[in-house]
Amino acid sequence: MVDECLRTGWVSTLGPFVSRFEDELRRVTGAQHVIAMASGTAALHLTLHTLGVGPGDEVIVPALSFVATANAVAHCGGIPHFVDSELETLGLDAMSLHRRLKNIASQRGKQLINNETGAVIKAIVPMHAFGHPCDIRNIIRVADEFGIPVVEDAAESLGSSIAGRHTGTFGTAGFLSFNGNKIVTTGNGGAVLTNDETLAQRLRHLSTTAKRAHAWEFLHDEVAWNYRLPNINAALGCAQLSRLSDLLSRKRRLAARYQSVFAVIESISFNNEPANTASNFWLSTVQLESSDRASRNSVLQAAHDAGYLCRPVWNLLSELPMYSRAPRGDLSVATEIENSVICLPSGPRLLT
Ligand SMILES: *Cc1c(COP(=O)(O)O)cnc(C)c1O
């Protein structure tokens, strides 16, 4: 497919493979609209911008996530507001979210105001961690109660579902990433999933320099971005997607193997997919009984010394220098996860 793409000369922005890749993603996810983007970060940035996140606005994100989740908020001029995670899913905790909003927020007209900072809280971005679906339905219940939209960070969860419904299709919008480390890659790339046609049209317009359709004239009607996925990357994506079910079954078999190995070690538990969900098992992780950072580090060091490239989870975003003064609720469970969860080697070729 990449050959065909090169032969036709349509290597750059848009082209037949972009539409084909979007069609296939619609089939895989069940989303009504899919807009392929240059990266997952670009997908989230543009979605938040389109939903009205602007300078000084707050967006709720889990403290335990990849830095891009918070960066996309900052790219809008917004401020990430960190909320705790739960052990069951490793994702945003619906109860902590509810408690936090009850404590600090109040509705003023159509806006949700953080009474402590005076800022408007514009959206919630839960994340499906390591491919395990988070408690998205309860999170959306809380979001509805407070009248704000949910954008799902499904960057890691292509192929994951809850009762048969694909992650990223529960909220107002969701997005996938096709970075090199994800289950399906386009080199660099992402996609927005949404059932909202107006939002989808806005995203298409703003991601292609807001150029009005015209046979020959260059008319751009607002400040916009060059955020679309190039055709050459989409061709790669089409080829990769045709392998998705094989990749998913390899990840699942590897996870099952890890699970049986760790079942006999009392002080370590395998983080299995949450009840009633299907995880893509993008990354297999285990949780140490102790949540003491030093003992986690000694396990990581021992694994490295033995030639196993195990990794910690991310440092909490709330501790990074650029976000260290951002608003936050209690983060005790996120801290416990940070200090006790270890990511295992999870390449799809590990088992033959
Ligand atoms: C990979 C990833 C992103 C960002 O995607 P890019 O395509 O790398 O920009 C965002 N959030 C999470 C949780 C990710 O793992």
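Conventions adopted
Residues numbered from 1 in each chain as written. Predicted model: local features only at pLDDT ≥ 70, side-chain atom pairs only at ≥ 80, totals over all residues. Heavy atoms only, no water. Phe/Tyr/Trp six-rings, centres within 6.5 Å; stacked < 30°, edge-to-face > 60°. Lys NZ or Arg CZ within 6 Å of the ring centre and 35° of its normal. Pairing = 2+ DSSP bridges. Helix = DSSP H or I, 4+ residues; strand = E, 2+ residues; numbered from the N terminus. Axes fitted to C-alpha atoms, helices over the stretch in contact; angles between N-to-C directions. Contact = heavy atoms within 4.5 Å. Buried < 20%, exposed > 50% of the residue type's maximum accessible area, 1.4 Å probe, protein only. Near = heavy atom within 4 Å. Polar contact = N/O pair within 3.5 Å; in protein donor to acceptor, adjacent residues only side chain to side chain. Areas by Shrake-Rupley, 256 points an atom, 1.4 Å probe, with all protein chains shown as cover. 1 Å grid on protein atoms, 1.4 Å probe; cavity = no way out; pocket = protein on both sides within 12 Å on 5 of 7 lines; lining within 4 Å. Sits in = over half its atoms within 2 Å of the grid points. Nonpolar A, V, L, I, M, F, W, Y, C, P; charged D, E, K, R; others polar. Arc of directions from axis to C-beta. Disulfide = S-S within 2.5 Å. Points joined across faces, edges and corners; volume = space filled by probe spheres on them. Core = buried A, V, L, I, M, F, W, Y, C linked by side-chain atoms within 4.5 Å. Salt bridge = Lys/Arg side-chain N within 4 Å of Asp/Glu carboxyl O.

1. Some thoughts on the packing of aromatic side chains
Applying the stated criterion across every chain yields a total of six aromatic pairs. Lys182 extends its terminal NZ or CZ atom over the ring of Phe66, reaching a point 5.9 Å from the ring centre.

2. Examining the sheet that holds strand E1 (residues 33-37)
Spatial ordering of the open sheet is given by E1-E11-E10-E7, a layout of four strands whose pairing is mixed. Strands with a single pairing partner mark the edges of an open sheet, and in this sheet they are E1 and strand E7 (151-153). Neighbour-to-neighbour, the strand axes of the sheet open up by a mean angle of 20°, direction not taken into account. In terms of strand pairing, E7 meets strand E10 (residues 173-177) through three bridges, oriented parallel. In the sheet register, Val151 faces E10, and the bridge partner there is Ala173. Each of E1, E7, E10 and strand E11 (190-194) is contacted by helix H3 (residues 40-50), which is oriented at about 165° to E10, the strand it contacts most. Sitting on the sheet, helix H7 (residues 197-207) is in contact with E1, E10 and E11, with an inclination near 20° to E1.

3. A closer look at the environment of Gln259
Mapping Gln259 onto the fold places it in helix H9 (residues 244-262). The partly exposed category is assigned to Gln259, whose relative accessible area is 33%. Ignoring anything within four residues of it in the chain, the contact list for Gln259 reads Phe270 and Asn272.

4. Structural notes on the site of the ligand
Neighbouring the ligand are 14 residues, the closest being Gly40, Thr41, Glu156, Ser177 and Lys182. In this structure, an oxygen atom belonging to the ligand sits 2.7 Å away from a side-chain N or O atom of Ser177. Asn179 is positioned with one of its side-chain polar atoms (N or O) 2.9 Å from an oxygen atom of the ligand. Here the ligand loses 95% of its free accessible area of 380 Å² to cover by the protein chains. Among the cavities detected, the one that contains the ligand is the largest pocket. Tallied by class, the residues present in the shell around the ligand amount to four nonpolar, seven polar and three charged.

5. Examining helix H6 (residues 136-146)
Looking only at H6, the buried set comprises Ile136, Ile139, Ile140, Val142, Ala143 and Phe146. Taken end-on, H6 shows its buried residues confined to a sector of 160°, consistent with a single buried face. Of the exposed residues in H6, those oriented more than 90 degrees away from the buried face are Arg141 and Asp144. Contacts made by the buried residues of H6 are with helix H5 (94-104), strand E4 (105-108), strand E5 (111-114), strand E6 (121-124), E7 and strand E8 (161-162).

6. Points about the sheet that holds strand E2 (residues 58-62)
Pairing in this open sheet of three strands is parallel, and the strands run E3-E2-E6 from one edge to the other. Looking at the sheet topology across the chains shown, the edges are occupied by strand E3 (79-83) and E6. Between one strand and the next, the sheet's axes are offset by a mean angle of 35°, whatever the strand orientation.

7. Considerations on the state of the cysteines
The bond known as a disulfide is covalent and runs between the sulfur atoms of two cysteines. Overall, the coordinates contain zero disulfides when judged by the stated rule. In this structure Cys134 is not part of a disulfide, and its nearest cysteine sulfur, from Cys343, lies 17 Å away. Residue classification places Cys134 among the buried residues on the basis of a relative accessible area of 3%.

8. Re the layout of surface pockets
By volume, the largest pocket is sized at about 810 Å³. Asn179, Gly180, Asn181, Lys182 and Trp282 are, among the 41 residues lining the largest pocket, the residues nearest its centre. Elements that contribute at least two residues to the lining of the largest pocket include exactly H3, helix H4 (67-75), E10, H9 and strand E15 (311-312). Of the residues contributing to the lining of the largest pocket, the split by class is 19 nonpolar, 14 polar and eight charged.

9. Some thoughts on unusual backbone geometry
The phi torsion at Phe130 lies on the positive side, around 60°, for a residue other than glycine. Mapped onto the fold, Phe130 is located in the loop between E6 and H6. Residue classification places Phe130 among the buried residues on the basis of a relative accessible area of 2%.

10. Points about the environment of Ala63
One can find Ala63 in the loop between E2 and H4. Taking relative accessible area as the criterion, Ala63 reaches 0% and is therefore assigned buried. Along the backbone, Ala63 and Met37 are 26 residues apart, and their C-alpha atoms lie at a distance of 25 Å. The contact partners of Ala63, leaving out residues within four places of it in the chain, are Phe82, Val83, Leu316, Leu317, Ser318 and Leu331.

11. Focus: the nonpolar core
In this structure, Phe21, Leu25, Leu48, Phe82, Phe130 and Leu158 are the most contacted members of the largest nonpolar core, which totals 70 residues. Look past the residues within four positions of Phe82 in its chain and what remains in contact with it is Val61, Pro62, Ala63, Ala70, Leu317, Ser318, Tyr323, Ala326, Pro327, Arg328, Gly329 and Leu331. The next biggest cluster of nonpolar side chains, apart from the first, holds 22 residues, and it includes Ala94, Leu101, Ile121 and Cys134.

12. Looking at the pattern of salt bridges
As enumerated under the stated definition, the model contains 13 salt bridges in all. When the shortest N-O distance is used, the salt bridge between Arg204 and Glu22 registers 3.3 Å. With Arg204 in helix H7 and Glu22 in helix H2 (residues 16-29), this pair connects stretches of sequence that are 182 residues apart. On the basis of relative accessible area, Glu22 is assigned to the buried category, the value being 7%. One salt bridge in this structure joins Glu222 and Arg202, with 2.8 Å as the shortest N-O distance. Of this pair, Glu222 sits in the loop between H7 and helix H8 (231-241) while Arg202 is found in helix H7, placing the two residues 20 residues apart along the sequence. Residue classification places Arg202 among the partly exposed residues on the basis of a relative accessible area of 31%. What you see here is one network of salt bridges that share partners, running through Glu22, Arg204 and Arg228.

The quantities given are spatial measurements derived from coordinates; they are silent on function.
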